[in-house]
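Chain and residue survey
Chain by chain, the residues run as shown.
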Amino acid sequence: MKQPMATIPRKSVHRAIDQVTTQLSKLAKTGPLTPGAVARTNLSEPQKAFATALVKLAARRNETTVSDLSPAELRATATYAKKTLLDARDTDANGFSAREVAGLSKTAKLAVALVGGSPPVAPAPPEPTELDVSNMTPAAALARVAQRLPKADLKAIIADTIEAMEQRDGTPIGTTRISSVERQRNGTEHVTTSGTFDFEGTEFSFYAVFEVDTSGAHTLVDSGAD
């Protein structure tokens, strides 16, 4: 398997841009540069993606339509892309690092992708010990916690929370949700859920804490109502 480069060389990106621009210039000489015309070329998918972005940029810069672009306007836009959108962002002049690529425009990123894709993605920041998702919507909180605990059955945890409320002879009302996750010293995670139930005409707030082990299995370890 080809290993990703630590940086993407400027010259490689420039050469890839020139190859696409040459094909577009030839195409512009034979007829309008329509999206369909670009799609029918023998360009690879990454080249087509960059070509589409380049012709749109050229049309904006020249205040014209894509179909009316000239080869000269395409070449001038390619030069602009190389100098302004790419080289100016290569602050240390040693190629495009993952951090530099992250700050590029969409068009410039498509250009970098022409030469073997993006450089190694900068490592994601570590998960915090405690993750508070109470300010998110219930659906967004569920999705965020699922990223952290992919093996856990979060819907089952919510169902077990509802069951715990019913065991108190209450009638669950509203939405039962995940509120937070906290990593424990033994490597497990505590998932806190919250909800509301009705008991003889009075509403009570309810919480439950489930311990999730490394296999994803969960156990109710605490609950309460007020």
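Preceding this section is the structure that the text describes.
Here we summarise the structure given alongside this text.

Regarding the pairing of strand S5 (residues 218–225)
Bridge count for strand S4 (residues 202–212) against S5 is 7 bridges, and the pairing is antiparallel. From the neighbouring strand, Tyr207 faces S5, where its bridge partner is Gly224. Between S4 and S5, which pair antiparallel and follow one another directly, the connecting turn spans 5 residues, one of which, Gly216, has a positive phi of 100°.

Things to note about the packing of aromatic side chains
For the structure on display, the rule yields 3 aromatic pairs. Taken together, a centroid distance of 5.6 Å and an interplanar angle of 20° make the contact between Phe197 and Phe204 stacked. Note on Phe197: relative accessible area 4%, which makes it buried. Ring pairs connect the aromatic residues Phe197, Phe199, Phe204 and Phe206, which therefore count as one cluster.

Some remarks on the nonpolar core
Among the nonpolar cores identified, the biggest contains 33 residues, and Val13, Leu24, Leu33, Leu74 and Leu86 are the most heavily contacted of them. Elements that contribute at least two residues to this core include exactly helix H1 (10–30), helix H2 (35–39), helix H3 (45–61), helix H4 (71–86) and helix H6 (106–112). Excluding residues that lie within four positions of it along the chain, Leu74 makes contacts with Thr21, Leu24, Ser25, Ala28, Leu33, Val55, Ala58 and Leu69. Leu149, Ala152, Ile157 and Val181 belong to the second largest nonpolar core, which has 19 residues in total.

Rules of the game
Residues numbered from 1 in each chain as written. Predicted model: local features only at pLDDT ≥ 70, side-chain atom pairs only at ≥ 80, totals over all residues. Heavy atoms only, no water. Pairing = 2+ DSSP bridges. Helix = DSSP H or I, 4+ residues; strand = E, 2+ residues; numbered from the N terminus. Phe/Tyr/Trp six-rings, centres within 6.5 Å; stacked < 30°, edge-to-face > 60°. Buried < 20%, exposed > 50% of the residue type's maximum accessible area, 1.4 Å probe, protein only. Core = buried A, V, L, I, M, F, W, Y, C linked by side-chain atoms within 4.5 Å. Contact = heavy atoms within 4.5 Å.

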